[in-house]
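Structure at a glance
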Amino acid sequence: MKKLLVYCSLLIPIAIGITPAFCLAQDTLVLRNGQKMGVKIISVGNKIQYCPAKNDTVSIKFTKVDHIKYKDGSIYTIRTNSDTTRGKVKPYILVSGGVCLPSNTGYGGSSYLSESYDEGNTSGYAISGSIFSVTAGVTFPSGWEITGMFSNFRNQFNATSLMSEASIFSVYYSSNLNGTGGNYYYNNYTYLLGVSKSTRGNFVKVGFSLLLGALITTIPTMHATGVYYLNWPYGGQTVYNSNITMNSDVQADFMLDIGFHCDVNITKHVFLRGLTEIQISDLSPSGVYEAQDMSTGNIVGSGYYKIPGFSVLLFNATLGIGYRL
């Protein structure tokens, strides 16, 4: 009779599903925030059901759990959709626009940096302009990106000053130049490729980029009026009041781009990016000139002009919207 009572006392807890001893058996539930919980795992299905010590069975979502370490030492790692997405290479595209600010020397200089032929330190006379960019790349799980960027930026410049400077280094001499023909702009295109690195974050990421490539510059045809001295300084001089034209020039130069960005996620795929850039290159405008006598309309001189190279240092600030898979 006593034995029968003992057997019944053991069977009753089993019949209701779990025993206190069963609950006290220790597995370890490791959450994504680093917290560890000593529990007994009951089942792993749509949710993880477990039994804390001396408590009823409870459940927890997969998204909160990193892995389960069982009492026997085996480990079960939780995989969710976000995990599989996080491990993929993600392409993205970004369209942005903003302002292009030249430095106050070289490209953006307002006066000669040097009047020496040999040093060639001249000025581009550019002022603030606009920039439009399309950026594309792929982001790796580590946060590194392969980045390509195409940009177009335009800066107005003082053609009168640039032409006056050019005349100093040409085979002719002119004075009292007055720019005509409206506003003049440097029209630039850049093709850049390099790497970027961003921090990890759910909503905000910051990072930097280092890009190398080509700066393609179109310098427009420039017109001015002035006094043209034929054959100066080689002897006799003939003086003409002339219309002077310097033809357009297209150049390709190396460019270095250093950028710092901040991304703000708007939705799962859409983000905003604020970007500041430092762009470094150089220019040396050149081409064919022609002088036309204002009184007769005759061509009184022509030749080849060249302005010694000057540095291009730009500070760009843009804001854009991007889409990341």
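Remember, it's a predicted structure, so these values are computed and weren't measured experimentally.

1. Considerations on the overall build of the protein
Scanning the protein from N- to C-terminus turns up four helices and 19 strands. Residues classed as buried in the protein amount to 38% of the 325 residues present. Pairs at least 24 residues apart make up 67% of the contacts formed inside the protein by residues separated by at least 6 positions. As displayed, the protein has an accessible area near 17,600 Å², and 59% of this comes from carbon and sulfur atoms.

2. Some remarks on the nonpolar core
If you look at the biggest cluster of nonpolar residues, it comprises 34 residues, and the most contacted ones within it are Y107, F153, F157, L162, Y186, M222 and M246. With four residues, the top contributor of residues to this core is helix α4 (residues 159-168). When sequence neighbours within four positions are dropped, the list of residues in contact with F153 reads C100, Y107, S130, I131, Y186, N187, N188, T190, L215, Q279 and L314. With 12 residues, the next largest nonpolar core counts L29, Y50, I60 and I78 among its residues.

3. Here we look at the environment of P308
On the secondary structure map, P308 appears in the loop between β18 (299-306) and β19 (310-324). Residue P308 is classed as buried on the basis of its relative accessible area, which comes to 17%. Sequence-wise, P308 and T122 are 186 residues apart; in three dimensions their C-alpha atoms are separated by 6.6 Å.

4. Brief notes about empty space enclosed by the protein
In total, this model carries one cavity of 30 Å³ or more according to the counting rule given. Taken as a whole, the largest cavity holds about 50 Å³ of empty space. Mapped onto the lining of the largest cavity, the elements with two or more residues apiece are β9 (144-157), β12 (204-219) and β16 (270-283). Along the lines of polarity and charge, the residues of the lining of the largest cavity split into four nonpolar, five polar and one charged.

5. Quick word on the side chain of T147
Inspection of the secondary structure assignment puts T147 in strand β9. When its relative accessible area of 3% is taken as the criterion, T147 is described as buried. Residues contacting T147, with those up to four places away along its chain left out, are Y92, T135, A136, G137, L192, L193, G194, V195, S196 and L211.

About the criteria used
Residues numbered from 1 in each chain as written. Predicted model: local features only at pLDDT ≥ 70, side-chain atom pairs only at ≥ 80, totals over all residues. Heavy atoms only, no water. Helix = DSSP H or I, 4+ residues; strand = E, 2+ residues; numbered from the N terminus. Buried < 20%, exposed > 50% of the residue type's maximum accessible area, 1.4 Å probe, protein only. Contact = heavy atoms within 4.5 Å. Areas by Shrake-Rupley, 256 points an atom, 1.4 Å probe, with all protein chains shown as cover. Core = buried A, V, L, I, M, F, W, Y, C linked by side-chain atoms within 4.5 Å. 1 Å grid on protein atoms, 1.4 Å probe; cavity = no way out; pocket = protein on both sides within 12 Å on 5 of 7 lines; lining within 4 Å. Points joined across faces, edges and corners; volume = space filled by probe spheres on them. Nonpolar A, V, L, I, M, F, W, Y, C, P; charged D, E, K, R; others polar.

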